[in-house]
Amino acid sequence: MCRMLAVLSRKPVPPELLMSFRQLADTGKGFRDFGCPEPNPKTGHPDGWGIAAVGAEGEFYARSPVKATTDPKYEDAVRRLARVCSPPILLLAHVRWAAYKDTVQEQYCHPFRREVDRHTIFFEHNGEIDGLRLKDGKTDSQIIFDRFVDALGPEIRPLPEFKQAIAKAKESLDAEHPRKVESYTFLMIEGDRVIAHRDARTCVPYYTLHETKREDMIVVCSEVLPALPGRWRMLRNEEFLEFRL
C-alpha cells in the first residue's frame, strides 16, 4: 500500500509540494481510517520513497528504503531535481507501506523504471496481491507492472487502446490470483504523458486518487495536499485520466 503523486508542470515543480507530499509518510491514511481490517499496526507509510521525473533536458530518478520524513536523501533529491530537470516536467513520487519487512529494500521502492523501444516508462502502484510475498524476486507491484508492459507492447497506444490492453492484463492476473488483487490503482509516466488509473477492489475509500489543476500545473495525489488548497476532484473508481506535455 502507498501514497502516490503525479505532476505535470510547465514551471519548476514547487519544492513545498514535494515536502507536503513527504508528510504522508507520517500522516497518510491507512485501512483502519476507513474501517477496513489491517493486521499490521504500523501507521503512515514508512517503508521508503521514490521520485522520478522527465524534463525537457534530462531525467531524474531517486529511491530509498528509509522513511521519507527522516531521510535526508529526500530533501537532497528535491534540491537536485530542480537542477537536473528543466520544465516542462512530468513527475511521480511515492511513499510506501510494505506488507513484508524483507521487501523494505531500494529495489522494491516505487516508481519502477523500464525502457521500452524508444521511450521510458515509470510506474507506481497502490495495492497488493493478497498473500504474494515475492515471486522470482519480484513484488506483486512489479509483477503487475511487467504484465502491463507486456500487454501494451513497444508502441505508445492511444488511450482507448491503452485501456483495452490494461484490461486484458488485469484479466490474466485475476485468473491467476482469484479474488486476491486488492487494487490496480496506479500512476504512470509513458513518453510525454502521465496516465492515472483508479481501480479499487477492496477498501475502496482507501484506494483513491484526487486531481487538481493550477496555472501551468496538473496534480494527482492519493490524498488532498494542504500545500495546494482549493478544488480537488476524486477520480471515479475504474476511471482513467491522461494528461500530456
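**Student:** How do you make sense of the layout of surface pockets when you look at a structure like this?
**Tutor:** Unoccupied space between atoms shows up once a probe the size of one water molecule is rolled over them. Within this model, the largest pocket holds a volume of roughly 170 Å³. In terms of lining, the largest pocket is formed by Met-1, Phe-31, Pro-37, Glu-38, Pro-39, Asn-40, Trp-97, Ala-99, Glu-128, Asp-130 and Glu-182. Along the lines of polarity and charge, the residues of the lining of the largest pocket split into 6 nonpolar, 1 polar and 4 charged.

**Student:** Honestly, the sheet that holds strand S7 (residues 185-190) in this entry has me stumped. Any pointers?
**Tutor:** Where strands meet in a sheet, backbone hydrogen bonds hold them as pairs that are either parallel or antiparallel. Spatially, S5-S6-S7-S8-S12 is the arrangement adopted by the 5 strands of the open sheet, whose pairing is antiparallel. Of all the strands in the sheet, just strand S5 (112-116) and strand S12 (240-244) have a single pairing partner and so form its edges. Ignoring which end each strand starts from, the neighbouring axes of this sheet average 15° apart. Here strand S8 (residues 193-197) pairs with S12 via 5 bridges, running antiparallel. Bridge pairing in S12 links Ala-196 to Leu-241. Docked against the sheet, helix H5 (residues 159-176) engages S7, S8 and S12, running at close to 45° with respect to S8.

Cut-off values and rules
Residues numbered from 1 in each chain as written. Predicted model: local features only at pLDDT ≥ 70, side-chain atom pairs only at ≥ 80, totals over all residues. Heavy atoms only, no water. 1 Å grid on protein atoms, 1.4 Å probe; cavity = no way out; pocket = protein on both sides within 12 Å on 5 of 7 lines; lining within 4 Å. Points joined across faces, edges and corners; volume = space filled by probe spheres on them. Nonpolar A, V, L, I, M, F, W, Y, C, P; charged D, E, K, R; others polar. Pairing = 2+ DSSP bridges. Helix = DSSP H or I, 4+ residues; strand = E, 2+ residues; numbered from the N terminus. Axes fitted to C-alpha atoms, helices over the stretch in contact; angles between N-to-C directions. Contact = heavy atoms within 4.5 Å.

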